[in-house]
Amino acid sequence: MSDVMERPVTATANATPLVRLRDLSVRFVSRDATMHAVNGVDLDLAAGEVLCILGESGSGKSVTLRALMKLLPKSACVTGGIEVAGRDVQAMNERQLQDFRGSDVAMIFQEPMTALDPVFTIGQQIAETVVRHECVSRAAGMARALELLELVQIPSAKRRLAAYPHELSGGLRQRAMIAVALACKPKLLLADEPTTALDATVQIQVLLLLRKLQEQLGMGVIFVTHDLGVAGEIADRVAVMYAGRVVEEGPVGAMMRGPLHPYPRGLLGATVHGGMRGQRLTTIPGAPPSLEALPTACSFAPRCAEAEPACLAGVPEPRSPVPGRSARCIKVAAG
Amino acid sequence: MSASPSTHTALDRGGPAQPLLLLSGLKKHFPIRGGLFGATVATVRAVDGVSFAVRKGETLGIVGESGCGKSTTARLLMRLMEPDAGSMVFDGEGVGQNAQTGGITLKEYRRQVQMVFQDSYASLNPRLPIEETIAFAPKVHGISASEARGRAHEILAAVGLAPASFARRYPHELSGGQRQRVNIARALALRPRLILLDEPVSALDKSVEAQVLNLLVDLKEKFGLTYVFISHDLNVVQYISDRVLVMYLGQVVEQGPVEAIYDRPAHPYTRALLASRPSMDPGMRRTEPPLTGDPPNPINPPSGCRFRTRCPFAEGVCAEREPVHSALGGGHEAACHMAEPGSGHSQTGRLAA
Ligand SMILES: Nc1ncnc2c1ncn2[C@@H]1O[C@H](COP(=O)(O)OP(=O)(O)OP(=O)(O)O)[C@@H](O)[C@H]1O
Ligand SMILES: Nc1ncnc2c1ncn2[C@@H]1O[C@H](COP(=O)(O)OP(=O)(O)O)[C@@H](O)[C@H]1O
Ligand code: SF4
Ligand code: SF4
Ligand SMILES: [Mg+2]
Ligand SMILES: [Mg+2]
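Not measured: the values here are computed from a predicted model.

Caption draft 1: Structural context of the overall build of chain A. Scanning chain A from N- to C-terminus turns up 10 helices and 11 strands. Relative to the globule expectation of 20 Å for 335 residues, the C-alpha radius of gyration of chain A, 21 Å, shows essentially globular dimensions. Here the C-alpha coordinates of chain A stretch approximately 65 × 50 × 45 Å along the principal axes. The buried share of chain A, taken over its 335 residues, is 54%. If you take every contact in chain A between residues at least 6 apart in sequence, the share linking residues at least 24 apart comes to 64%.

Printed below as a string of structure tokens:
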């Protein structure tokens, strides 16, 4: 294990981060219940940095990502500060948002068909995006589409310009969706489990491609995953979410070697990897809490082997024992 | 291995050396119809000549990418569909024959072989409390309602769901991990000998996955079960299996003891599959993917070796002849010309050692 692969934290005190989330909270209010999906998330992302948001189902990963693009439904009550590339996302009107989505920030998903239009060819979809955002001719848009398909390493790119999404295999469709997302050279790419549904031999191809494109284009990336291996392959930093909060944050290598918070520690112990045959797996007992009531204590306490009465006194504040790392647990040294 | 007499009734007929299940030359092709008169325009060779044995008391893992035929193999194994060709022998008795011809009836076979699916929700009846879902099959098989209910409670306790608080719940009142426990309980209700698990933990979160894997290990011990465990997660298969079978485009390309497959993979596809696992250690990052392209489609599989369109070692002979299964010792075998002495492949012998 080495730190060589870990890029230095590029954010300096005075540089404006590409993404700045402050006390982001999202509630879904319906007639019979309120869901506290995200409960005070602070996150920074430097330009050209890859952050993985890790966490189990329902922990608020996708909601956080969607809030960054103002893509949440009307039933969502969003509070807190959301700044991307120096712009206040919450304050944008529809027209500003249209311009912002695509040119400053783009998103890719687990299921490419949610992002691709089945009735247009891949070439038409990319060209259309380029024409709309960059006010260039259709011919220039098509030329750019070809460049992009080559960039995402689609074989026989020229022929594939005329293909409809359903005519492509799963891996190629994923690449086509990435090409559409990159059409206007976004500064920020949001990726919601884009490789989860792919087969092993295809997943690694797409991960390596994303990493290469990110370096080549200098994009910032926020990559949501529940797979520690995926984070190990692609992240500079990770933020682990639990019950709508970031419970630990720091460089990926340090987190994998020694998590600070009992939840990621349990997650690492419960993740099956080579050489565990015959051993009993360590588990985290129970299940994540319901988010119908806003947690007033450490949300992990009911499942935490180290819990003590003081854990119930309030929501633990982030503590930072070493620069660049922090965890919301009262057992972590404040540094 | 103390199987309590009240829960383990199935008789071991063939003795320990007789495989519990023996599948030979299984085939299942799906016609694709098109055109004006619904004529067959192509054939999906979903399972194309699959043979393997499931030994008593073992866990056999089956891995491979989507579309390679894992679930079709599972459905054939369960006899949810009829194979186009091939035979199945359960503990020495031909499946689907009757007692006079020395076989086991489908009804009896279906009692002894049970299945757990990936989708924990779709496979439970939403309108039944879970104790009734679990008691359903025993009642169909002629067990009295009160005995079936008692058995349901016993099994709920065994899968870690206290009957007092869970028996009357409906599926929507349970978490994904709890629903998967109910599915496992239902599979156990008829006291089967073989349980087929098709991606049983794939939809679960890691923290819950570990709980269910521990449970499966415990139940196997407690009830003397045999498992066939299908998964695309190579780490989970390594953890749980005694032997592993690797499938590609409707065929078995390699099989053997778990250590042999993971430490000395012989088939280039197995090697690529294992090398594709993402690493949790950022210091171990790769720069080149082990394979390019997607798995091809089983409609028109390549001639000769089906892996040759993606194989870095493919040569002329690979297009001409289908490789045979070559034994590599200790029950390890691979279907690759490089593993067969005298096959005509220039790298032959490098593997056979
Ligand atoms: N439109 C919505 N209306 C009501 N509740 C919602 C809505 N979208 C999300 N939620 C709830 O918010 C919580 C967080 O959801 P989110 O989609 O962010 O989870 P996630 O971490 O992405 O999980 P997964 O790994 O399953 O994708 C969940 O409890 C979810 O049920
Ligand atoms: N009922 C069916 N009709 C047509 N094709 C099918 C049917 N069931 C499966 N297939 C095809 O057979 C192949 C193998 O499928 P399956 O056994 O489900 O694969 P796996 O479980 O390994 O992902 C796939 O190409 C699939 O599309
Ligand atoms: S604050 Fe207490 S309950 Fe929460 S994670 Fe830390 S030790 Fe566990
Ligand atoms: S038979 Fe030929 S193509 Fe097939 S796996 Fe072996 S070397 Fe590769
Ligand atoms: Mg999500
Ligand atoms: Mg399947």
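On we go.
Caption draft 2: View of the sheet that holds strand β13 (residues 333-334) of chain B. All names here are of chain B. In spatial order, the strands read β7-β8-β9-β3-β10-β11-β13-β12; together these 8 strands make up an open sheet with mixed pairing. Among the strands making up the open sheet, the edge pair consists of β7 (113-116) and β12 (326-327). Judged from the 2 bridges that link them, β12 and β13 form a sheet pairing that is antiparallel. Its bridge partner being in β13, Ala-327 is matched across the sheet by Glu-333. Sheet contacts for helix α1 (residues 70-77): β3 (59-63), β7, β8 (194-198), β9 (226-230) and β10 (243-248); angle to β8, the most-contacted strand, approximately 155 degrees.

Caption draft 3: Expanded view of the packing of helix α6 (residues 176-188) of chain B against helix α7 (residues 206-223) of chain B. Residues and elements named next belong to chain B. Between α6 and α7, the shortest axis-to-axis distance is 10 Å and the interhelical angle comes to 15 degrees. If you check the angle between α6 and α7, you find them roughly parallel. Classified by chirality, the crossing of α7 by α6 is right-handed. Of the residues in α7, those in contact with Gly-177, Arg-181, Ile-184 and Leu-188 of α6 are Val-208, Gln-211, Val-212, Leu-215, Leu-216, Leu-219 and Phe-223. A class-by-class count of the residues in the contact of α6 with α7 yields 8 nonpolar, 2 polar and 1 charged.

Caption draft 4: Summary view of the site of ligand 1. All names here are of chain A. Residues in contact with ligand 1 amount to 13 residues; listed here are only the nearest, Ser-57, Gly-58, Lys-61, Ser-62 and Val-63. Within the side chain of Ser-62, one N or O atom sits 2.6 Å away from an oxygen atom of ligand 1. Against a free-state accessible area of 640 Å², the protein chains account for coverage of 64% of ligand 1. At the level of elements, β2 (34-45) and α1 (61-68) are the ones that each hand at least two residues to the shell around ligand 1. Per-element tally for the shell around ligand 1: the top contributor is α1, with 3 residues. Here the shell around ligand 1 is built from residues that sort into 5 nonpolar, 5 polar and 3 charged.

Caption draft 5: Highlighting the interface of chain A and chain B. Each partner contributes to the interface: chain A provides 49 residues, whereas chain B provides 42 residues. On the chain A side of the interface with chain B, the three residues burying the most area are Thr201(A), Val272(A) and Arg277(A), jointly 18% of the side's total. Counting the contacts that link chain A with chain B gives 3 salt bridges. Here the side of chain A that touches chain B gets 8 residues from one element, more than from any other, and that element is helix α7 (residues 200-217) of chain A.

Caption draft 6: Just the sheet that holds strand β9 (residues 237-242) of chain A, in detail. Residues and elements named next belong to chain A. As summarised here, the arrangement of the 7 strands in space is β6-β7-β8-β3-β9-β10-β11, forming an open sheet in which the pairing is mixed. This sheet does not close on itself; its edge strands, each paired only once, are β6 (105-108) and β11 (326-327). In the sheet, strand β3 (residues 50-54) pairs with strand β8 (residues 220-225) via 5 bridges, with the strands oriented parallel. Looking at β8, one finds that Leu-51 is bridged to Ile-222.

Caption draft 7: Quick peek at the nonpolar core. In this structure, Leu68(A), Ile126(A), Ile178(A), Leu188(A), Leu190(A), Ile222(A) and Phe223(A) are the most contacted members of the largest nonpolar core, which totals 98 residues. For this core, the leading source of residues is helix α6 (residues 170-182) of chain A, giving 8 residues. Dropping the residues within four chain positions of it, Leu190(A) is found in contact with Leu65(A), Leu68(A), Met69(A), Val105(A), Ala106(A), Met107(A), Ile108(A) and Ile222(A). If you look at the next biggest cluster of nonpolar residues, it comprises 65 residues, including Leu281(A), Leu204(B), Leu234(B) and Leu249(B).

Caption draft 8: Examining α1(B) more closely. Along α1(B), 6 of the 8 residues are buried, which leaves the element largely enclosed by surrounding structure. Every buried residue belonging to α1(B) is among Lys70(B), Thr72(B), Thr73(B), Ala74(B), Leu76(B) and Leu77(B), and all of these are buried.

Caption draft 9: Spatial organisation of the domain arrangement of chain A. Residues and elements named next belong to chain A. According to the domain assignment, chain A contains domain 1 (9-104 + 187-272 + 280-289) and domain 2 (114-185). For domain 1 versus domain 2, the distance between C-alpha centres works out to 26 Å. On the domain 2 side, the residues contacting the 19 residues of domain 1 number 13 residues. Interface area for domain 1 against domain 2, summed over the two sides, is near 1,300 Å², with a carbon-plus-sulfur share of 66%. Inspection of the region where domain 1 meets domain 2 yields 0 salt bridges. On inspection of domain 1 and its partner domain 2, the count reaches 3 residue pairs in polar contact (both at pLDDT 80 or more). The greatest single-element share of the side of domain 1 that touches domain 2, amounting to 9 residues, is contributed by α7. A breakdown of the residues in the side of domain 1 that touches domain 2 according to their chemical character gives 10 nonpolar, 5 polar and 4 charged.

Rules of the game
- Residues numbered from 1 in each chain as written.
- Chains lettered and ligands numbered in written order.
- Predicted model: local features only at pLDDT ≥ 70, side-chain atom pairs only at ≥ 80, totals over all residues.
- Heavy atoms only, no water.
- Helix = DSSP H or I, 4+ residues; strand = E, 2+ residues; numbered from the N terminus.
- Rg over C-alpha atoms; globule rule 2.2 N^0.38 Å.
- Buried < 20%, exposed > 50% of the residue type's maximum accessible area, 1.4 Å probe, protein only.
- Contact = heavy atoms within 4.5 Å.
- Pairing = 2+ DSSP bridges.
- Axes fitted to C-alpha atoms, helices over the stretch in contact; angles between N-to-C directions.
- Parallel < 35°, antiparallel > 145°, perpendicular 65-115°, else oblique.
- Left-handed = near helix turned anticlockwise from the far one by under 90°.
- Nonpolar A, V, L, I, M, F, W, Y, C, P; charged D, E, K, R; others polar.
- Near = heavy atom within 4 Å.
- Polar contact = N/O pair within 3.5 Å; in protein donor to acceptor, adjacent residues only side chain to side chain.
- Areas by Shrake-Rupley, 256 points an atom, 1.4 Å probe, with all protein chains shown as cover.
- Buried area = accessible area lost by both parts, 1.4 Å probe.
- Salt bridge = Lys/Arg side-chain N within 4 Å of Asp/Glu carboxyl O.
- Core = buried A, V, L, I, M, F, W, Y, C linked by side-chain atoms within 4.5 Å.
- Domains from an automatic or database assignment.

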